[in-house]
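# Remarks on the overall topology
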Amino acid sequence: MKTIRFTVNGNEVAVSSPPTKPLLDVLREELDLTGSKECCGKGECGSCTVMINGSSVCSCLVLVGQVENETVITAEGVGLAQNMDVLQQAFIDEGATQCGYCTPGFIVSAKSFLNQIEHVPTEEEVKTALGGNLCRCTGYTKIIKAVQSAAKLSITQQGVKN
Amino acid sequence: MKVSEATLVSPSTLDECLLLLNDQKHSVQLLAGGTDAVVRMKEGVWNPDTWINIKNLDALRYIEEVNHEIHIGALTSHTDLVESKLINERADVLAQAAKEIGAIQLQNMGTIGGNIATASPAGDTIPALFVLDAKIELRSLTDTRLIPIREIFTGPGRTVKKSDEIITKIIIRSQDEDEIGIFEKLGPRKAQSISIVNVAISLKMGEKPRECLEGKIAFGSVAPTIIRATKCEYMLKLNPLFDDVIHDIASAAWKEVMPISDVRASAKYRRNMASSLLERGLYRLMKRWEEQ
Ligand SMILES: Cc1cc2nc3c(=O)[nH]c(=O)nc-3n(C[C@H](O)[C@H](O)[C@H](O)COP(=O)(O)OP(=O)(O)OC[C@H]3O[C@@H](n4cnc5c(N)ncnc54)[C@H](O)[C@@H]3O)c2cc1C
Ligand code: FES
Ligand code: FES
């Protein structure tokens, strides 16, 4: 056991855990952040996607000892019911979520992608950005539309602010 | 998921890391992006006493031009390669190979050093490193050696790297204006797929239309380690690379590769695809060259 300190969704945390425990398990079991899901456990499905220092990664393949002093953002950090992000609202509006198991992973991947661009992405661009996330329900079309409409909305909102 | 009993240490400097690697009493293993290592750890295949976490050894994460060469730190991520202006301009084939690795999450996590050390016959950066004449720097507490990439791999999953050594640096040729490269890959799914066949091509072009002065071709996944297609390389120089010549060169690739059948594809399919990928790659390169 070791005390490992890092930041999750803006809060500093200290967890007591074997350093070789996957970050995903620590988020879910120690920190009660159950948005991130385990599905394949080996990097193939993206349901466990979180951001570390802004980059999307599979938290099932990161050991908690590797994130000491780093900044982690999960789907809960993108937004909760009371302060939903435009992206999450777009998923609801477009009907981009069905069973919902894959959704937190998609939200984090899409958020990290949208943070890096300042235009409305083409369908191809969204497909590349979300290629590491699998969904067995929606057929993807609505997910792609949701990401595009969130991009559109954020651009208009920024335009209003400026 | 079963938690490994192993300990994990995070050295803050390379020297500290070399000291840890020198430990004779315990089994130790390096852990970089973890995209191969954690999968194997979970499968129970890799279970050292201690994992040496080098993910945050930023001193080994850089891309820089030195004289006429490019030096790449072993902890450079695939995303770093994809986004690097220098790599895109002077080693385009490597940028393209890195872009074909897994999905974005995997490119953010995985490192070039890890891709080499894993030594998979399907590793995507490796054929690109072959055609760029890469040299790999290995360091231990007492020694530093620079090994040409063709001497690194001794079989699937095996390299000449000793247990107390770490890959510190990869040195590649910086391509001139008259050199172009391309990476082509066939896998079952665009993102996240292990190559069934891949090929890296680098050509030095002459003054005359489609005249090739010299070329290098390296195939992955069609032999126990990466192979250079030397007969095809020889043919590149014989005639200008018009479409019928490209077709002949690609047909010759059929005889140069020696693939196996496995769960992902049969040997015959791999042979056919090796020819097709080479043909497509050369064809695309010529189009790009003429549009330049
Ligand atoms: C879902 C999935 C998809 C993938 N798709 C692809 C793909 O399309 N193409 C491809 O080529 N690969 C693919 N991979 C494999 C993997 O992502 C790459 O090989 C990656 O580059 C490994 O780097 P890493 O930093 O994650 O290595 P790690 O997993 O951290 O380490 C791998 C091995 O290398 C050793 N090592 C790491 N760094 C060093 C160093 N500096 N010096 C010495 N030894 C070192 C470790 O000890 C370990 O034995 C995929 C993996 C997954 C899980
Ligand atoms: S659970 Fe992590 S990628 Fe599938
Ligand atoms: S909504 Fe069910 S897996 Fe995507």
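In the nomenclature of an unreviewed UniProt entry, chain A is known as Purine hydroxylase delta subunit apoprotein of Ornithinibacillus halophilus.

## Here we look at the site of ligand 1
The environment of ligand 1 is formed by 34 residues, the closest being B:Leu30, B:Thr35, B:Asp36, B:Ala37 and B:Thr111. Surrounding ligand 1 are residues belonging to chains A and B, so the site spans chains. Among the elements of the structure, strand S2 (28-31), helix H7 (112-118) and strand S10 (166-173) of chain B are those that each provide at least two residues to the shell around ligand 1. Broken down by element, the shell around ligand 1 gets its largest block of residues, 4 residues, from H7(B). Taken together, the residues of the shell around ligand 1 break down into 12 nonpolar, 15 polar and 7 charged.

## Side note on the sheet that holds strand S4 (residues 55-58) of chain A
Residue and element names in this part refer to chain A. Strand order in the open sheet made by the 5 strands is S2-S1-S5-S3-S4, with mixed pairing throughout. The sheet is open, and its two edges are formed by strand S2 (11-17) and S4, each paired on a single side. Shown here is a sheet whose adjacent strand axes are inclined to one another by a mean of 40°, direction ignored. Looking at chain direction, strand S3 (residues 49-52) and S4 are connected through 4 bridges and run antiparallel. If you follow Ile52 over to S4, its bridge partner there is Ser55. Running at roughly 100° to S2, helix H1 (residues 23-30) makes contact with strand S1 (2-8), S2, S3 and strand S5 (71-73) of the sheet. Against the sheet, helix H4 (residues 103-116) engages S3, S4 and S5, with an angle of about 35° to S3.

## Notes on the interface of chain B and chain A
Chain B puts 30 residues into the contact, and the matching count from chain A is 32 residues. Interface of chain B and chain A: buried area, both sides summed, is about 2,300 Å²; carbon and sulfur atoms make up 57% of it. It is B:Leu8, B:Gln105 and B:Met109 in chain B that bury the most area against chain A; as a group they hold 24% of the surface buried on that side. At the junction of chain B with chain A, the criterion picks out 2 salt bridges. Two residues, A:Glu38 and B:Lys42, come together in a salt bridge whose shortest N-O distance is 4.0 Å. Seen at the junction of chain B and chain A, the total is 10 residue pairs in polar contact (both at pLDDT 80 or more). Within the residue set of the side of chain B that touches chain A, elements represented by two or more residues are strand S1 (7-9), helix H2 (37-43), strand S3 (50-53) and helix H6 (104-109) of chain B. In terms of residues, the side of chain B that touches chain A owes the most to one element, H6(B), which gives 5 residues. In the side of chain B that touches chain A, the residues fall into 15 nonpolar, 11 polar and 4 charged.

Calculation criteria
Residues numbered from 1 in each chain as written. Chains lettered and ligands numbered in written order. Predicted model: local features only at pLDDT ≥ 70, side-chain atom pairs only at ≥ 80, totals over all residues. Heavy atoms only, no water. Near = heavy atom within 4 Å. Helix = DSSP H or I, 4+ residues; strand = E, 2+ residues; numbered from the N terminus. Nonpolar A, V, L, I, M, F, W, Y, C, P; charged D, E, K, R; others polar. Pairing = 2+ DSSP bridges. Axes fitted to C-alpha atoms, helices over the stretch in contact; angles between N-to-C directions. Contact = heavy atoms within 4.5 Å. Buried area = accessible area lost by both parts, 1.4 Å probe. Salt bridge = Lys/Arg side-chain N within 4 Å of Asp/Glu carboxyl O. Polar contact = N/O pair within 3.5 Å; in protein donor to acceptor, adjacent residues only side chain to side chain.

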